[in-house]
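Geometric and topological summary
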Amino acid sequence: MTTRYTVPRGTYDILPSDSFKWEFLESTFRQVAKLYGYREISTPMFEQVEVFERSAGDKTDIVQKEMYRFTDRKGRSFALRPEGTAPVIRSFVENNLGANVNVTKLFYIGSMFRYDRPQSGRSRQFSQYGCECIGSNHPYYDAENIAVFWTYLKTLGLKNFVVEINSIGCPDCSEAYHIALKQYFYKSLDVLCPDCKDRYEKKPKRLLDCKVSKCKEISLYAPSMLDFLDQKCNTHFLEVQKYLDMFQIAYIVNPRIVRGLDYYSQTAFEFINNNLGAQNALGGGGRYDGLVQQMGGKDTPAVGFAGGFSRLLLSMEQENLYQGENQRPKYYIATLSEKATPVAIKLIHFLRTKGHYTEFEIEKTSMKAQMKSADKLKAEFVIFLGEEEIEKKYLTIKNMDTTAQWKVEEKEFIASMT
Ligand code: AMP
């Protein structure tokens, strides 16, 4: 017996019956990002491992546990990209994209790879969209970046989402906060999960982010970062809120939002759909003022977000927002004899080169079968090529919506299209 193969665990095929949904999500994102002056950038699916180790932080889960690493034939270490920001910043620095402009706005769409436990809304290969605004620390840009995401979701028609924002401060104000957090968690250290024990030492802020219920319970009354912001960060955060108010974007301040990667500072935000279950973040982002320099560029502040298409697709389905596949053939060519085939082929080729979706089934024999097919495909017009039509060089056309039928000279029909 021959072996039948399956997709690798944590990946999936996008089948033709669903691909229109993805196409819609992607094209709408492109449209909306462009409204805000973002320009598309595409980077390779793999990078030198250091691009991620240096940016995300070599102690983060993404880098330590989830990255697909490989060596090529020459022994060089690469990783399939687990996220989009580091590659975009690598490219920004490498191609000097910030030259001669104050603010560089870039967006991307692409597959990311993380070795994680697959579940609803979480896969090992997933497609992300994201926007990076590089070159300014002005809080307006934080709000504008959030506005792109918000407008995108609104344009898709989604209603069930909330915007949550926080400030995680800067390295200066984090120091005192880390001490306070460690004091708070110290008494529970024995009962924290193994990951949290590790976080306690290396990244106390991430203790707030644990999904284990016991840890969640313990962290409930942990000190809030917002009480530790220095004046600069506090003012920045208030200004972000002021601009969000001007954009009329409703938000919740949630002091428990911390981002998974090391490079974030000040603003952090998430878009949450509470109907999605455990994986309820549609996307998130924040400010990362140190990253460009860390990646070898000049000291350049930046803010950005990323979201995943699969959770959006689930949200769209939950809110019944897909109208169905919108690809009707404009023409279906029905033939009655072998003699008609060359004429039909010439005609379909002509119509397709003129930009019309045209169907023709060379193996269909009876007229009944062809009409059934045209109906099923929801063709707008059927063009009949019978004996008489071929002989007298005209076409019989039927409007399938109104059932009206008429004859037109082949020459005239072709001229009307040129
Ligand atoms: P992150 O960079 O982890 O904050 O991810 C940003 C967004 O990408 C998340 O909010 C999800 O919508 C999506 N995402 C992240 N990881 C996965 C995954 N493993 N599978 C599907 N979507 C994901």
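Everything numeric here is computed off the predicted structure, so don't read it as measured data.

**Quick notes on the pairing of strand β9 (residues 265–272)**
Of all 8 residues in β9, 8 are buried; the element is thus mostly enclosed. Bridge count for strand β7 (residues 162–167) against β9 is 6 bridges, and the pairing is antiparallel. Along β9, the bridge assignment pairs Ile165 with Phe269. Examined bridge by bridge, β9 and strand β10 (residues 281–287) share 6 bridges and lie antiparallel to one another. Bridge assignment links Ile272 to a residue of β10, and that residue is Ala281.

**Some remarks on the site of the ligand**
The environment of the ligand is formed by 15 residues, the closest being Arg114, Ser123, Gln128, Arg259 and Leu282. Backbone polar atom of Gly308 to an oxygen atom of the ligand: 3.1 Å apart, as the coordinates give it. Here the ligand, which alone exposes 480 Å², has 88% of that area covered by the protein. Each residue belonging to the shell around the ligand can be placed in one class, and the counts come to 4 nonpolar, 7 polar and 4 charged.

**A word on helix α11 (residues 309–318)**
The periodicity of an α-helix, 3.6 residues per turn, causes residues three or four positions apart to be oriented the same way. Burial analysis of α11 places 7 of its 10 residues in the buried class, the great majority of the element. Along α11, the positions that sit buried rather than exposed are Phe309, Ser310, Arg311, Leu312, Leu313, Ser315 and Met316. Where the residues of α11 are buried, they touch α1 (16–35), β5 (104–113), β6 (125–134), α5 (139–156), β10 and β11 (302–308). The first or second residue beyond α11 is Asn320, which carries a positive phi of 55°.

**Structural notes on the domain arrangement of the protein chain**
Domain annotation for the protein chain reports domain 1 (16–170 + 231–318), domain 2 (171–229) and domain 3 (331–417). With 20 residues of domain 1 at the contact, the number on the domain 2 side is 19 residues. The junction of domain 1 with domain 2 conceals about 1,600 Å² of combined surface from both sides, 55% of it contributed by carbon and sulfur atoms. Contact with domain 2 buries area across many residues of domain 1, yet Cys170, Arg256 and Val258 alone supply 39% of it, more than any other trio. Linking domain 1 with domain 2 are 1 salt bridge, by the criterion used here. Put simply, Lys65 and Asp195 hold a salt bridge, and the shortest N to O gap is 3.1 Å.

**Topic: the packing of α1 against α5**
Interhelical geometry of α1 versus α5 gives an angle of 135° and a closest axis separation of 10 Å. Here α1 lies oblique to α5, going by the angle between them. For the pair α1 and α5, the crossing hand works out as right-handed. Taking contact as the criterion, the partners of Phe24, Leu25, Thr28, Phe29, Val32 and Ala33 in α1 are, on α5, Val148, Thr151, Tyr152, Thr155 and Leu156. A per-class count over the contact of α1 with α5 returns 8 nonpolar, 3 polar and no charged.

**Observations concerning the pattern of salt bridges**
When their charged atoms lie close together, side chains carrying opposite charge are able to pair. Scanning the entire structure with this criterion turns up 20 salt bridges. Between Glu317 and Lys21 there is a salt bridge, and its shortest N-O distance comes to 2.7 Å. On the criterion of sequence distance, the pair formed by Glu317 in helix α11 and Lys21 in helix α1 is long-range, its members being 296 residues apart. Taking the relative accessible area as the measure of exposure, Glu317 reaches 35% and is therefore partly exposed. The exposure class of Lys21 is buried, given its relative accessible area of 12%. When the shortest N-O distance is used, the salt bridge between Lys105 and Glu144 registers 3.0 Å. Here Glu144 lies in helix α5 and Lys105 lies in strand β5, a separation of 39 residues in the sequence. Look at Glu144 and you get buried, because its relative accessible area is 7%. Linked by salt bridges that have partners in common, Asp18, Lys21 and Glu317 make up one network.

Parameters and conventions
Residues numbered from 1 in each chain as written. Predicted model: local features only at pLDDT ≥ 70, side-chain atom pairs only at ≥ 80, totals over all residues. Heavy atoms only, no water. Buried < 20%, exposed > 50% of the residue type's maximum accessible area, 1.4 Å probe, protein only. Helix = DSSP H or I, 4+ residues; strand = E, 2+ residues; numbered from the N terminus. Pairing = 2+ DSSP bridges. Near = heavy atom within 4 Å. Polar contact = N/O pair within 3.5 Å; in protein donor to acceptor, adjacent residues only side chain to side chain. Areas by Shrake-Rupley, 256 points an atom, 1.4 Å probe, with all protein chains shown as cover. Nonpolar A, V, L, I, M, F, W, Y, C, P; charged D, E, K, R; others polar. Contact = heavy atoms within 4.5 Å. Domains from an automatic or database assignment. Buried area = accessible area lost by both parts, 1.4 Å probe. Salt bridge = Lys/Arg side-chain N within 4 Å of Asp/Glu carboxyl O. Axes fitted to C-alpha atoms, helices over the stretch in contact; angles between N-to-C directions. Parallel < 35°, antiparallel > 145°, perpendicular 65-115°, else oblique. Left-handed = near helix turned anticlockwise from the far one by under 90°.

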